[in-house]
Amino acid sequence: MSIGANIEKIKAEIGDGVVLVAVSKYSPDSDVQEAYDAGHRDFGENKAQELAARKEKFPKDVRWHFIGHMQTNKVKYIASFVYLIHSVDSMKLLVEINRQAAKHQRIIPCLLQVHIAQEETKFGLDENELTELLTDPVLKELKNIKVNGLMGMATNTAEVTLVEKEFGKLKTLYTRVQSMQNLPANVEPEILSMGMSADYKVALGTGSNMVRIGSAVFSH
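Reading guide: rules and limits
Residues numbered from 1 in each chain as written. Predicted model: local features only at pLDDT ≥ 70, side-chain atom pairs only at ≥ 80, totals over all residues. Heavy atoms only, no water. Salt bridge = Lys/Arg side-chain N within 4 Å of Asp/Glu carboxyl O. Helix = DSSP H or I, 4+ residues; strand = E, 2+ residues; numbered from the N terminus. Buried < 20%, exposed > 50% of the residue type's maximum accessible area, 1.4 Å probe, protein only. 1 Å grid on protein atoms, 1.4 Å probe; cavity = no way out; pocket = protein on both sides within 12 Å on 5 of 7 lines; lining within 4 Å. Points joined across faces, edges and corners; volume = space filled by probe spheres on them. Nonpolar A, V, L, I, M, F, W, Y, C, P; charged D, E, K, R; others polar. Axes fitted to C-alpha atoms, helices over the stretch in contact; angles between N-to-C directions. Parallel < 35°, antiparallel > 145°, perpendicular 65-115°, else oblique. Left-handed = near helix turned anticlockwise from the far one by under 90°. Contact = heavy atoms within 4.5 Å. Polar contact = N/O pair within 3.5 Å; in protein donor to acceptor, adjacent residues only side chain to side chain. Expected span 1.5 Å × (residues − 1). Core = buried A, V, L, I, M, F, W, Y, C linked by side-chain atoms within 4.5 Å. Phe/Tyr/Trp six-rings, centres within 6.5 Å; stacked < 30°, edge-to-face > 60°. Lys NZ or Arg CZ within 6 Å of the ring centre and 35° of its normal.

**Q** What am I meant to see in the pattern of salt bridges here?
**A** Opposite charge on two side chains permits pairing when their charged atoms draw close. Counted by the stated rule, this structure contains 11 salt bridges. Measuring nitrogen to oxygen at the nearest pair gives 3.8 Å for the salt bridge that ties glutamate 13 to lysine 201. Residue glutamate 13 is located in helix 1 (residues 3–14), and its partner lysine 201 is located in helix 7 (residues 200–205); the two are separated by 188 residues in the primary sequence. Under the relative-accessibility criterion, glutamate 13 is labelled partly exposed at 32%. Residue lysine 201 is classed as exposed on the basis of its relative accessible area of 55%. A salt bridge links arginine 176 to glutamate 127; the nearest nitrogen and oxygen atoms lie 2.4 Å apart. Taken together, the residues span a long stretch of sequence, with arginine 176 in helix 6 (residues 160–178) and glutamate 127 in helix 5 (residues 127–135) at a distance of 49 residues. Judged by its relative accessible area of 42%, arginine 176 falls in the partly exposed class. Through salt bridges that share partners, Asp29, Glu45, Arg54 and Lys57 make up one connected network.

**Q** Sorry if this is basic, but what is going on with empty space enclosed by the protein here?
**A** Within the structure shown, the criterion is met by 1 cavity of 30 Å³ or more. Approximately 40 Å³ is the volume found for the largest cavity. Along the walls of the largest cavity sit Leu112, Leu134, Val147, Gly149, Leu150, Tyr174, Val177, Val187 and Pro189, which together make up its complete lining. When residues of the lining of the largest cavity are traced back to their parent elements, those giving at least two are strand 6 (145–151), helix 6 and strand 7 (187–193). In terms of residue count, strand 6 provides more of the lining of the largest cavity than any other element does, 3 residues in total. Among the residues making up the lining of the largest cavity, the classes are represented as 8 nonpolar, 1 polar and no charged.

**Q** I tried to follow the packing of helix 1 against helix 2 (residues 29–37) on my own but got confused; where do I start?
**A** In the contact formed by helix 1 and helix 2, the axes pass within 8 Å of each other and the chain directions differ by 55 degrees. On the basis of their axis angle, the class for helix 1 and helix 2 is oblique. The crossing of helix 1 and helix 2 is right-handed. In this structure, helix 1 uses Ile3, Gly4 and Ile7 to contact helix 2, whose residues at the interface are Asp31, Glu34 and Ala35.

**Q** So what exactly am I meant to see when it comes to the side chain of asparagine 148 here?
**A** Examined against the element boundaries, asparagine 148 turns out to sit in strand 6. A distance of 3.4 Å separates a polar atom in the side chain of asparagine 148 from the backbone oxygen of glutamate 188. With residues up to four places along the chain from it excluded, the contact list for asparagine 148 reads Pro109, Cys110, Leu111, Glu188, Pro189, Glu190 and Ile191.

**Q** Sorry if this is basic, but what is going on with helix 4 (residues 91–103) here?
**A** Since there are 3.6 residues in each turn of an α-helix, residues three or four apart along the chain are aligned in direction. Relative to the 18 Å expected for 13 residues at 1.5 Å per residue, helix 4 spans 19 Å between its end C-alpha atoms, a close match to the ideal helical length. Taken together, the buried positions of helix 4 are occupied by Met91, Leu93, Leu94, Glu96, Ile97, Asn98, Gln100 and Ala101. Residues of helix 4 that are buried in the fold lie against strand 4 (84–88), strand 5 (108–113), helix 5 and strand 6. Looking one or two residues beyond helix 4, the residue adopting positive phi is glutamine 105, at roughly 55 degrees.

**Q** Even after reading the chapter, I still don't get the nonpolar core, so can you show me in this structure?
**A** Looking at soluble globular proteins, one finds that nonpolar side chains tend to be buried together. Grouped together as the largest cluster of nonpolar side chains are 62 residues, with contacts concentrated most on Leu94, Leu112, Leu139 and Leu150. By residue number, the principal contributor to this core is helix 6, which donates 6 residues. Those residues in contact with leucine 94, other than ones at most four positions away along the chain, are Val88, Cys110, Leu112, Leu133, Leu139, Leu142, Ile145 and Val147. Residues Leu84, Leu111, Ile191 and Met210 belong to the second largest nonpolar core, which totals 6 residues.

**Q** I keep staring at the packing of aromatic side chains and nothing clicks. Help me out?
**A** The geometry of two aromatic rings is summed up by the distance between their centres and the angle between their planes. Tallied over the entire structure, the rule returns 2 aromatic pairs. On the numbers, 5.9 Å between centres and 40 degrees between planes, the contact of phenylalanine 43 with tryptophan 64 is tilted. Of this pair, phenylalanine 43 sits in strand 2 (residues 42–45) while tryptophan 64 is found in strand 3 (residues 63–66), placing the two residues 21 residues apart along the sequence. Taken together, a centroid distance of 6.0 Å and an interplanar angle of 65 degrees make the contact between phenylalanine 58 and tryptophan 64 edge-to-face. Note on accessibility: phenylalanine 58 and tryptophan 64 belong to one class, buried. Through a chain of ring-to-ring contacts, three or more aromatic side chains come together here, namely Phe43, Phe58 and Trp64. Sitting above the plane of the tyrosine 36 ring, arginine 41 keeps its charged end 3.6 Å from the centroid. A cation sits over an aromatic face here: arginine 63 above tyrosine 83, 6.0 Å from the ring centre.

Shown next as C-alpha cells:
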C-alpha cells in the first residue's frame, strides 16, 4: 500500500476525534513529502536539530511535533516553530521552554510525560511528581507555555492486558487532572497522547485522542 493509503486506513480506524501524528523520524524526506501530498500535516520527530533541519524543507502549514526526550539545551532549536512538545518531564524543562518561547513572542503547547511502563529506560513523571508540578506556584508564572495534557508510553510487550492496565492508569490520571480545582490558566488538559504502531488500538480503547504512528504509516 502507498503511504497515502496507509494514512487513510489508519484515520478510518481511529475516527474523527483522534489526531494522527505520523512519526517521520526514520523516514526520508521523499516519504514525508508523499504523506504531505496525501493531505497529512502532523509529523513527529525526536531530535531537535534534525527537526529544525527538516522543517526548512517543507511548507509552513506542517505541524511539527517533538516526541523525543527533550533536553533543556536543545529547546532553542525548535522554539520558534514547534507545534507541540509531547515529552516534558520536569519543571526545569518547562521553565526553559517558556524562556525560549518568550524570545519568539509565542506560546508553546506542551504535554507532560508520565512514566507508566515497567521499563526503567522510559522517561516521565510519576504520579506524585505530576501533582507537585501542577500545584507548583512557579507554573502559573510561565506565560509562554500551555500545558495541554498528558503523554505516556506503555511497556514494549505483546502482553495486551499489561498495556491496557498502563494506558488505563494514564487515562485515570488524565481524568483526575481535568477535575483538579484551581489549575493555573496555562493548564488546559484536552490531549491524551498514547499509542504507537504496535499498541495504538489498545490506546484508543482506553481513551487516547492522539496517537504517534511511524512504521504503520511509512511502510510501503
